[in-house]
Every structure is written in structure tokens, then in C-alpha cells.
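Working through the structure, step by step
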Amino acid sequence: MGRISWCPGCGNFAILRAFEKASQRVIKEGYDIAISSGIGCHGKISDYLNLPSFHVIHGRVPPFLTGLKLANPNLIVVGFSGDGDGLNEGVEHFVHAARRNTDITIILHNNGVFGLTTGQVTATSPKGWKSKSTPYGNPEYPINACQLMLASGATFVARVFTGEQKRMAEIFYRAMKHKGFSFVEVLQPCMSFNNFWDLRKEVFWVEKAESVYEAMRKCEDARACGIFYTEEKETYEDVVWRSMF
Amino acid sequence: MNVCIAGAAGDGIRGAGVILGKIFCKLGYSVFVYQEYQSRIRGGHNASVVRASEREINSHGYYYDALICLRDYVFEKHVERLRGVLVCDSSFNLEHDRKVEFPITETVKKLNLPDISRNIAAISVFCKSFGIEAEVVESVIRESLGKAGERNLEVVRAVYENLDITVGQVRRVGERKELVSGAKAIAEGMLDAGLKFYYAYPMTPATPILHILAADNRCVALQPESEIAAIMMAIGSAFGGERAAVGTSGGGFALMSESISLAGMAEIPVLIILAQRSGPSTGMATFTAQQDLYFALNPAHGEFPLIVASPLTIEDSYRLAGELLNLSWKFQTPAILLTEKHITESYTTAKLGGVVKKEVEIFREKSSEIFKRYEITESGVSPYASPPALVKANSNEHDEYGFATDDAEIATEMYAKRMRKEEKIAKVVANLEPYIEIKNGKDWIVTWGSNFGAVKEVAEELGFSVAAVRFMRPLFLPKISGEVFCVECNYTGLLARLLEAEGLEVKRILRWDGRPFTPEEIRREVERWAE
């Protein structure tokens, strides 16, 4: 595997370990996994996992995985994306992949900052936050990724925190086993540019909601964690393949 | 014989052109159909020019032997070109010495048929007055429109029973031929070369390819959220080991740029159909052009092997679409079929066949060892693998296993490995007719793309030799001398500039008005240079 180049203490380590655990469980059950990642610190995870992988370009993980899943429906495909990667440049792909209920899993590394380019605001940075590109404070309001995914039609939506590796591994596992578009937002600190370790004290866990509307309310607070919503719905691949034969 | 059908958007002009084209095909003629239409759904002005000949043709003509008008106001746009018979509704008040009039609108109304059936009525008027048997018209309508077209047969009968004028005699000249569009030819070429996935966002003039493949069960054709998504899905499917292609025009191609570079870096095969239309920007969306040659040759950042070819005719677009998909997989790099609206949306008599899928080896086994996907080889081509094989691909510079690296030594080797493929590609392309030469005389007309059909005719008449370039990258230019003309649909002469770089003196024959050349117009321009 590649030698890890993340900063010491980075939340990515916890995501990596949790995903290793979850993926080993899935593989033991007889499934094959292929992964992809975008551009940013998170993107390097492709090199650190002993799985088939494609480190693609900024924001384009969902359509890449859609094409791969169509070509080989037997694979469980998982995409890693960042808040900049997936919610700034690639946001339309997230919305459409969720809308189609394409059978892929997206894990969003949300550290609220462009880390690899040394600290600029992303779509999840808080309003007023002073970064290198916003010396007078971020003029924009942040996106709530889980709400966006719920509104777009995702059939598995969850949020976790890197401080709780065990729970994270369990949710990754369930997301991969979910048939349809599953989305897991991971709150992670950036040790170098956005260290919000205080969140450890602030995050709280909620139970799954019965409806999309209830789920929308439950995940409104950006510190709320848990599986907010799941739903069984026909997948994109199933519809496409059925129309062919 | 060159016939123009003109009317408004919504009058079924395009369909009428295709049906009339098929009627000529049925009588054994070689046919070319040019479609000129505006970017609107109703009103305005659309035209379809149908040319039929006993010899093989690949262009329409400038002057009309017959003009069929479905609206009175379109007459003045075309009258300058009319050298024969005007076919129109008796209620139109149009001045022309040779006219065949018929109460077209009234007949359609009386039969209680929708307005659009006026197109069938008008064709029937033309066919009856040119001595074509009713059953030829009826059988083509049955084949083209199926059950939905049944009632149109009543229109044909009404015209044939009530019109008693003969102004010409179109004879049967041979066995029935098939009429195909450029879009159909491209689709068939890709399918014969093993296409399994086609992803496209609607954009004129590439859209008909999506329509054709969406209705075809031999491949999956999908319409994603953008051209970026389209090419990324294609890259995903190719990484999964299945042949994939995308189709678009200039604006959508611009959006694909970054992903084309990704395919070059990660050595993923993908075929891109770039159907040119008039630009820059939105330009004239439904009109033809050849302005994107350099864009296709340099589509993205960084250096990587790329194959670009441009078909000369509709039949050639079948061959090249298949050839490029095969080459793309052989060399694991993107390929671009650079074509034009005048190919994709035109129709001609063609026999499609001969393209076969050239298999490549794909490793798909699970293993504990990481696959050496980017093994340094002499040819530059490394073994291909797809998941569940433990294969790693990367947009970053990488080592032989696909791990990201910025090591100077590895980067030097890996970059050179990729680029070495260009030499191998050139060797293969050299044997694939990179250009076509037709020797008629010491002076030359050089061209590329759809102009070929018109150029070939003029060159034969005036005693010029023809050189038509098919492969643009790698580029092989014919060895030519004497007086050299270059015919292109752009402002600066993009191919002409490549010829000049070889030290040739080139006389340009250019147009950038969105209209394709006819033989008559090229002849006029060649003669003008002589003055």
C-alpha cells in the first residue's frame, strides 16, 4: 500500500480504520468491493486500502461509480468524497445520483475546509469563518449535506463523527449493504486548518426517523449523528437492466 | 435529380425528405438527403434537399429540378435555385412558369387528417406528376410510418385519383437500396465494434445517435445530468471492462475536457463522438461547421496519446466509428470521431458492414497481489484489468501498480511509457488509409469531412486530383504539388494551415455560414480563383 501522508491526528485515519473493518466484514460475506475517491486529502484513501480503486478527479466520483456499477452490477461500489470535492465542484452529481437511487455508497469526509490547498472555505464552512480566502469572514451560509441528500431522494442517509470509530464502522457496513443510494457524512477535524475537536463534547446521537420530513428535522443540527433515514426503493441499475431485457 | 421540400417547423419537412429519399432508393437510385432546419419547434423555415442519381453521390445539389413548397412564404428563399418544376398548394399565389398545383390543404382537411399529413400529400403530388407509381409511394409510407401511417395512404390515393398532370418520368434504374443517416451509421459502427454503454447529454447535432442507441437493445444508452457525468460514466464502465462511448458537440465537448485528460493519464479507453456545429458558443445550433479541428487535436491539459479521425462520408463514419473504438481499446487511450452536422443528420444510400470487434485481453480474477496495471513495456501498452481484480487506477502520476507518486525517476519512465504508444498508434494508422487520394490531374483539391462528396464531383469534372484527410492525429498529409486548393467550412482554413506548415502554398475555399458546400458552389469558387 501507499505510505500514508496525512497529517498526524487527521480524522482520515479513523475513517480509514473504520472502513477497513466494515469492508472486511462485507468481503467475508462473499462480496467484492471497488472504491473510488476524488481530489483532496480524502482522495489519498484509494492508495491506502487494499481494494480495487480509481482515484479520479475533483467532484466526479458519483458518475464514475454509476458507470462502473452498470458495467459490473455484482460489485459493491463505494466512493469517498470531500466537502469541497462533493459539495462545491461536484454537487450536481450527488443530487442526481441520489435522485436515481443508483446503488452506490458515498462517504463524505466533511472537515469544513480545503485542507490540501492549505485552508480555504468550502460549502460546509460556517458563515463568518476567517480562512485564507475569506480574511474578512466567510460571506456564505453552509450546506447541510444530509438535508440535501434527503431532499434529493437518497434512500440511506447518516452522519457520524470520527471520534466514534466503532459506530462509524457499523454505519459504513450498513451503508454498503443497503441496496440503493447510501450517503454517510463523516464529521472530521482538520488538524492543520480547521480543528473542531470540541465537537466531541457537542455531537449527539438520534434515532432513525419514520419519514423524510422527520429526518430533515433530525439532521438539521449539523452536530446530530446517527442513521436518519432508510428506505427500500428500486435502484437505477435494476430499472435500466429490466428495460433492456 | 435534385428536389427541395420547404416549409415551416412542424410541417414534417425532415420526415418528408426521408420518405422521398426512400422512394428514390426503392427505384434503385443513389440518394443523398440534406436537412436544413432552425432551432425551433414550430414556424420559421425548414428545408430538405433530396438528390438522386444513377451514379454514387455523397452530396446534395445547389439547383433544384423541383421545389415542393408547403408554405407560400418559403418560395422566395428558394426561387433563385429553382431550375424546374414548382409543386405547391393551388391556393398559393406564386409566380413560376412550370407549376404543378393541387388543393393539398383542402384534401387533407376533407379526409379529416392532421395538418402534418400535408407533407405526404405534397410528396404524392410530386411523385404522381413525375410518373412514380402509387404503390411505390404507398409501400415506403407503410414501411416508414407503420400502423400510425395507415391513414396517410388515403391522402396518397386522393392525390393519385385527382391529379392528372405529368411533367417528368422517374424510371426504375436498379435494385432497391437502403437509406441510412450518419447518426445511424455511427451507432452501427460502434455496436459492431462491441459498444456496450453510450452516455450522452442532448446536444445538436449528436442527439440522433442517442435516440437510435436508446431504442436499440444491443447496448445501454443513458442520458445523465451533464456531459461531464456522461464521460465519467463512460470511464467508469470502461474501468469495469465494458466498451463505452459518449457523443456531443463543441460546448459539451468543452465540459468533457478534464475527463479526457483523466482517461489519457489513467489509460482508460473511451470513444468521444464530436459532431461539430457552427460556433463559437451556441452559434447556429442546427447548422454545420468544421471549426473544431484544433480543439479536437488538443482537447485537454497535459500530453497524452490521442487518436482523432474525421469521416468523409456517412458510410465512412460507420467504418471510422468502429475503427476508433477498436483502436481506443487496443491502445488504452481516448479516441475522438470528429464529424459534423452534415454527416450525422444527413442521409445517404449506404451498405453498412465489415466492422468487427477486435478483442483485447482483460484480467478479471481476484488475487492477493496488486495487478501491475501500468507495467513499463516497450510498446507503452500495459496489461488491462478490471475489478474484482485488485487493480488500482489513478489521475495522479503513478507507479506500475497505480499508486500516486511524485518520484522524478518513476515520473520520467511512466510519462514516456504512455507517450510511446503514439509511435505504435502511428504505425497502425498508417495502414488504415489515413487519407484518400484520387488522381485526376497535376493540381489538387484537398479537404476533410463531409465536403468530400462535393469536392470529388467537382474534381472529376475539372480534372483535379483529390486528397481527403481522414486521420487527424496521428496526421499523415499526402505528398502533393502543383496548384493546391483547400475546401473547409471555417474562417481561417484549419487544414490549410497544416498544409502550409509543410511548405505548400494553399488557395482557400471557405465558408462559415453554417451551410455545407454543394458541387456547384465549389466549382464557382475554383473558377473565381482562376480569374
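Check the entry above for the structure.
First things first, this report covers the structure right here in the doc. (Residues numbered from 1 in each chain as written. Chains lettered and ligands numbered in written order. Predicted model: local features only at pLDDT ≥ 70, side-chain atom pairs only at ≥ 80, totals over all residues.)

Observations concerning the overall build of chain B
Looking only at helices and strands, one finds 17 helices and 23 strands in chain B. Compactness check: chain B gives a C-alpha radius of gyration of 25 Å against a globular reference of 24 Å for 531 residues, within 12% of the reference. Its C-alpha atoms give chain B principal-axis dimensions of roughly 85 × 55 × 40 Å. The long-range share in chain B, meaning contacts at least 24 apart out of those at least 6 apart in sequence, stands at 69%. (Helix = DSSP H or I, 4+ residues; strand = E, 2+ residues; numbered from the N terminus. Rg over C-alpha atoms; globule rule 2.2 N^0.38 Å. Contact = placed C-beta atoms within 7 Å.)

Remarks on the overall build of chain A
Within chain A, the secondary structure is distributed over 10 helices and 10 strands. For 245 residues, the compact-globule formula gives about 18 Å, and the C-alpha radius of gyration of chain A, at 17 Å, lands near that figure. With the C-alpha coordinates aligned to their principal axes, the bounding extent of chain A is approximately 60 × 45 × 30 Å. Within chain A, the proportion of its 245 residues that are buried is 53%. The contacts in chain A between residues at least 6 apart in sequence include a share of 66% that link residues at least 24 apart. (Buried ≥ 20, exposed ≤ 12 C-beta atoms within 10 Å, placed from the backbone.)

A few points about the interface of chain A and chain B
With 27 residues of chain A at the interface, the matching set in chain B holds 35 residues. For the side of chain A that touches chain B, the secondary-structure elements that each account for two or more residues are β1 (32-37), α2 (45-48), β2 (53-55), α3 (61-71), α5 (91-100) and α10 (236-244) of chain A. With eight residues, α3 of chain A is the largest single contributor of residues to the side of chain A that touches chain B. Looking at the side of chain A that touches chain B, its residues break down into 14 nonpolar, nine polar and four charged. Judged from the three bridges that link them, β2 of chain A and strand β17 (residues 392-394) of chain B form a sheet pairing that is parallel. Within the sheet, the bridge partner assigned to H55 of chain A lies in β17 of chain B and is N394 of chain B. (Nonpolar A, V, L, I, M, F, W, Y, C, P; charged D, E, K, R; others polar. Pairing = 2+ DSSP bridges.)

Focus: the sheet that holds β17 of chain B
Taking strand neighbours across the sheet as the criterion, the nine strands line up as β9(A)-β10(A)-β7(A)-β8(A)-β4(A)-β3(A)-β1(A)-β2(A)-β17(B) in an open arrangement whose pairing is mixed. Edge positions in the open sheet fall to β9 (204-205) of chain A together with β17 of chain B, since each of these has one partner strand only. Pairing between β1 of chain A and strand β3 (residues 75-82) of chain A: six bridges, direction parallel. In the strand pairing of β3 of chain A, I33 of chain A is matched with I76 of chain A.

Comments concerning α3 of chain A
Counting buried positions along α3 of chain A yields 11 of 11 residues, so the element is predominantly enclosed. Within the span of α3 of chain A, buried status applies to V61, P62, P63, F64, L65, T66, G67, L68, K69, L70 and A71 of chain A.

Thoughts on unusual backbone geometry
Residue and element names in this part refer to chain B. Note the cis peptide between G279 and P280, where omega equals -5 degrees. Along the chain, the position of P280 falls in the loop between β11 (271-276) and α11 (293-297). The peptide bond linking P387 to P388 adopts the cis configuration, its omega dihedral lying at 10 degrees. The residue P388 is located in the loop between β16 (384-385) and β17 in this model. The phi angle at N112 is positive, at roughly 60 degrees, despite the residue not being glycine. Inspection of the secondary structure assignment puts N112 in the loop between α3 (104-110) and α4 (118-129). With a phi close to 55 degrees, S281 is a non-glycine residue in the positive phi region. For S281, the location among the structural elements is in the loop between β11 and α11. Here S281 falls in the exposed class, since 6 other C-beta atoms lie within 10 Å of it.

Remarks on the pairing of strand β22 (residues 484-488) of chain B
Looking along a regular strand, one sees side chains alternate from face to face of the sheet. All names here are of chain B. Where burial is concerned, most of β22 is hidden: five out of the five residues are buried. What you see with β22 is no split at all: V484, C486 and E488 on one side and F485 and V487 on the other are buried throughout. Where strand β19 (residues 444-448) lies against β22, four bridges are found, and the strand directions are parallel. Bridging from a neighbouring strand, I445 pairs with F485 of β22. Relative to strand β23 (residues 506-510), β22 runs parallel, the two being bridged by five bridges. Opposite V484, over in β23, you have V506 as the bridge partner. Running through helix α16 (residues 494-500), the crossover from β22 to the neighbouring parallel element β23 is right-handed. (Right-handed = clockwise from strand over helix to strand, strands pointing away.)

Topic: the pairing of strand β2 (residues 30-36) of chain B
Residues and elements named next belong to chain B. Counting buried residues in β2 gives seven out of seven residues, a clear majority hidden from the surface. Going residue by residue along β2, you find S30, F32, Y34 and E36 tucked away on one face and V31, V33 and Q35 tucked away on the opposite face as well. Bridge count between β2 and strand β3 (residues 43-53): seven bridges; the pairing is antiparallel. Bridging across to β3, Y34 finds its partner in V49.

What about the sheet that holds strand β8 (residues 197-199) of chain B?
Residue and element names in this part refer to chain B. Within the open sheet, the seven strands sit side by side as β9-β8-β10-β11-β13-β12-β21. Their pairing is mixed. With one partner strand each, in any of the chains shown, β9 (220-222) and β21 (471-473) form the two edges of the open sheet. Ignoring which end each strand starts from, the neighbouring axes of this sheet average 20 degrees apart. Looking at chain direction, β8 and strand β10 (residues 244-248) are connected through three bridges and run parallel. From the neighbouring strand, F197 faces β10, where its bridge partner is A244. Helix α9 (residues 227-239) rests against β8 and β10 of the sheet, and its axis sits at about 165 degrees to β10. (Axes fitted to C-alpha atoms, helices over the stretch in contact; angles between N-to-C directions.)

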